[in-house]
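A structural walkthrough
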Amino acid sequence: MDFSLNDEQRAWQMKARKFADEVLRPASLARDRIADPAKTIDWDIIKQGSKLGFRTAVVPKEYGGHAIDFVTQALVMAELARGDSAMSKAFSQCWKWSHLISMACTQDQKDRFLKPFMADDTFVLGKGITEPSGGSDNRLPPDDPKAGVKLRAVRDGDDWILNGEKTFIANGNVGKLFFLDVRTDPNAPLRNAVTLFLVPKDTPGFRVGKVFNKSGWRFYQNGEMIFENARVPHANVIGEVNGAYAKSTGDASGDLFGDLELAANALGVCDAACEQSINLARTATQGGKLLKEQQVVQLKINRMCALTEALRSFVMRVAYEHDQRAHSANAGLVMNLATDIIQEVAELNADIHDSAGILDENADKLVRDAFIWSHLAGDAVQRMKVSRRVLK
Ligand SMILES: Cc1cc2nc3c(=O)[nH]c(=O)nc-3n(C[C@H](O)[C@H](O)[C@H](O)COP(=O)(O)OP(=O)(O)OC[C@H]3O[C@@H](n4cnc5c(N)ncnc54)[C@H](O)[C@@H]3O)c2cc1C
């Protein structure tokens, strides 16, 4: 297999590395320390990254985007995440949804939503699936019509009236446009009962509730979204009514973008953890010897590097497979494996710092960020979903 990068891929990688070193990493701890979870985002960073193309990276060129391939996406994500994992996620969260607008929306929807997204450096996107009653049933839907999405839409002439809530939604309090899974049939199982709506932030009847005080990924905010007789035009429905779970909309995009992007982000965190441990081992002493001369430290760093390089190989292979349109269960497997690897590597890094692993804010932050993967990519339901694909 040829692992060499072309000039364009190398240029994006270098641009991301420079931005991570010069802008993300220097701001990382300061943003992380902000106590109010609604104030952690730095719009100047989003603007700077947007001007470099990170926000609009996957939008097709015909709409003014950069249409970077999957190998480039993985390279960019890993580099940005090495600087700050949550900041890099703030950019990549726009990838799958801007791609979805360009792939699945009508020309009218593209004119109304993709154009403003392209024109505004602070225009970030979100997707609302999870609700206070739970998130898992929406990802692995049971047949019981009572399970899953409760946010309800009822048709009223040319509009739909929405009532209910979404919760834990990334960018939920800062996004300007949301994709929402909404129940449009109360009696059918979820697979045939949910419609995908485009809902702008300024929709009458929609307001933001609480912003969650997460332990990790603090820059990347999660909020509650509350809908009280919110009026959304039928023209904002994507695809067919009750067709949100069809392959042509959310699922297809999620499979392609969500999994690889998270695995590549984890790779960047592993790179940062290895870097921290290697730097410490080269400079700190215990028992009259540099840490790097202590056998236990050598073995731990060996394990961290081996896991990180194994993850890099798997991430790049899946990116390559995506570019060849050879999609497989590997996309999900790499995301699940990334969860295990990022958590082991971040913990080993904190461990090598010893007590300072708790006190050293850099090592501690990587552990807190890594913990997030259990709730995104490596929980039981995500693993069951991937296993079902393997076993099909
Ligand atoms: C940082 C972050 C960002 C997020 N961003 C978004 C977002 O942008 N949009 C969005 O919609 N949601 C988002 N979420 C929410 C996330 O998708 C949900 O937390 C997740 O789907 C789990 O749902 P839940 O928390 O309601 O847990 P529940 O569904 O209540 O599950 C609780 C526990 O039971 C287990 N479980 C549930 N069902 C089964 C089953 N059938 N078999 C075995 N075990 C099961 C789960 O694995 C979990 O351990 C985000 C969460 C985090 C932490």
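Residues numbered from 1 in each chain as written. Predicted model: local features only at pLDDT ≥ 70, side-chain atom pairs only at ≥ 80, totals over all residues. Heavy atoms only, no water.

Considerations on the site of the ligand
Which entries qualify depends on this criterion: Consider each residue's heavy atoms; a residue with any of them within 4 Å of a molecule or strand counts as near. What qualifies as a polar contact is a pair of N or O atoms within 3.5 Å, subject to a donor-acceptor requirement within protein and to the restriction that residues adjacent in sequence count only when both atoms come from side chains. Accessibility throughout is a Shrake-Rupley quantity obtained with a 1.4 Å probe, and a residue counts as covered only by protein chains that appear here. Runs of H or I in DSSP of at least four residues are treated as helices and runs of E of at least two as strands, each being numbered from the N terminus. Here the term charged refers only to Asp, Glu, Lys and Arg, the term nonpolar to Ala, Val, Leu, Ile, Met, Phe, Trp, Tyr, Cys and Pro, and the term polar to all other amino acids, Gly among them. Here the bounds of each domain stem from an automatic or database domain assignment.
Taken together, 22 residues are adjacent to the ligand, and I129, T130, G135, S136 and R139 come closest. The contact in question runs from a nitrogen atom of the ligand to an N or O atom on the side chain of T130, over 2.7 Å. In the model, an oxygen atom of the ligand is placed 3.2 Å from a nitrogen or oxygen of the D379 side chain. About the coverage of the ligand: the protein hides 65% of its 980 Å² of free accessible area. Among the elements of the structure, β1 (125-128), α6 (136-139), β3 (159-170) and α12 (380-391) are those that each provide at least two residues to the shell around the ligand. Here the residues of the shell around the ligand are counted per class, giving ten nonpolar, eight polar and four charged. Counting only domains with at least three residues in the shell around the ligand, you end up with domain 2 (125-238) and domain 3 (247-391).

Quick look at the nonpolar core
Basically, it comes down to this: Residue types Ala, Val, Leu, Ile, Met, Phe, Trp, Tyr and Cys, when buried and joined through side-chain atoms within 4.5 Å, form a set referred to as a nonpolar core. Exposure categories follow from relative accessible area, calculated using a 1.4 Å probe and restricted to protein chains: below 20% of the type maximum is buried, above 50% is exposed, and the middle band is partly exposed.
Counting 93 residues, the largest nonpolar core has L80, L311 and V315 as its most contacted members. Considering each element in turn, this core owes the most residues, twelve residues, to helix α7 (residues 247-283). By size, the runner-up hydrophobic cluster in this structure holds 16 residues, among which are L162, F178, L180 and V199.

So, the pairing of β1
The following threshold applies: Only when DSSP finds a minimum of two bridges between them are two strands counted as paired.
Burial along β1 is two-sided: L125 and K127 facing one way and G126 and G128 facing the other are all buried. Summarising the sheet, β1 and strand β4 (residues 177-183) pair through four bridges and their orientation is parallel. Looking across to β4, one finds that G126 is bridged to F178.

Brief notes about unusual backbone geometry
Even without being glycine, N171 reaches a positive phi, approximately 65°. We classify N171 as buried; its relative accessible area is 2%. Non-glycine residue W217 carries a positive phi angle of around 50°. In this fold, W217 is placed in the loop between β6 (206-211) and β7 (222-233).

Side note on the packing of aromatic side chains
Operational definition: Geometry of aromatic contacts follows a simple scheme: Phe, Tyr and Trp rings, the Trp one being its six-membered ring, pair when their centres are within 6.5 Å, and the pair is stacked under 30 degrees between planes, edge-to-face over 60, tilted otherwise. Our definition puts a charge over a ring when NZ of Lys or CZ of Arg is within 6 Å of the ring centre and also within 35 degrees of the ring normal.
Under the defined criterion, the tally for this structure stands at twelve aromatic pairs. Between W160 and F197, the ring centres sit 5.7 Å apart and the planes meet at 80°, which makes this aromatic pair edge-to-face. Pair noted here: W160 is in strand β3 and F197 is in strand β5 (residues 194-200), with a separation of 37 residues, a long-range link. In terms of burial, W160 and F197 fall into one category: buried. Directly above the ring of F54 sits K15, whose terminal nitrogen or CZ lies 5.7 Å from the centroid.

Some words on a nonpolar patch on the surface
Selection rule: Candidate patch residues must exceed 30% relative accessible area and have no salt bridge, after which like charges are joined if within 9 Å and Val, Leu, Ile, Met, Phe, Trp or Tyr side chains if within 5 Å. Any Lys or Arg side-chain nitrogen found within 4 Å of a carboxyl oxygen on Asp or Glu counts as a salt bridge.
Taken together, the side chains of M1, F3 and Y320 make up a nonpolar region of the molecular surface, amounting to roughly 370 Å² of accessible area. Mapped onto the secondary structure, M1 falls in the segment before α1 (7-33). Given the relative accessible area of 65%, M1 is considered exposed.

Description of the domain arrangement of the protein
Quick note on the threshold: What makes two residues a contact is simply this: any of their non-hydrogen atoms within 4.5 Å. The quantity reported as buried area is the accessible area (1.4 Å probe) lost by two parts once they are put together, taken as the sum for both.
Each assigned domain of the protein is listed here: domain 1 (7-119), domain 2 (125-238) and domain 3 (247-391). One C-alpha centre belongs to domain 1, the other to domain 3, and the line joining them spans 20 Å. Listed per partner, the contact involves 27 residues of domain 1 and 29 residues of domain 3. Taken over both partners, the interface formed by domain 1 and domain 3 buries close to 2300 Å², and the fraction arising from carbon and sulfur atoms is 63%. Scanning the region where domain 1 abuts domain 3 turns up six salt bridges.

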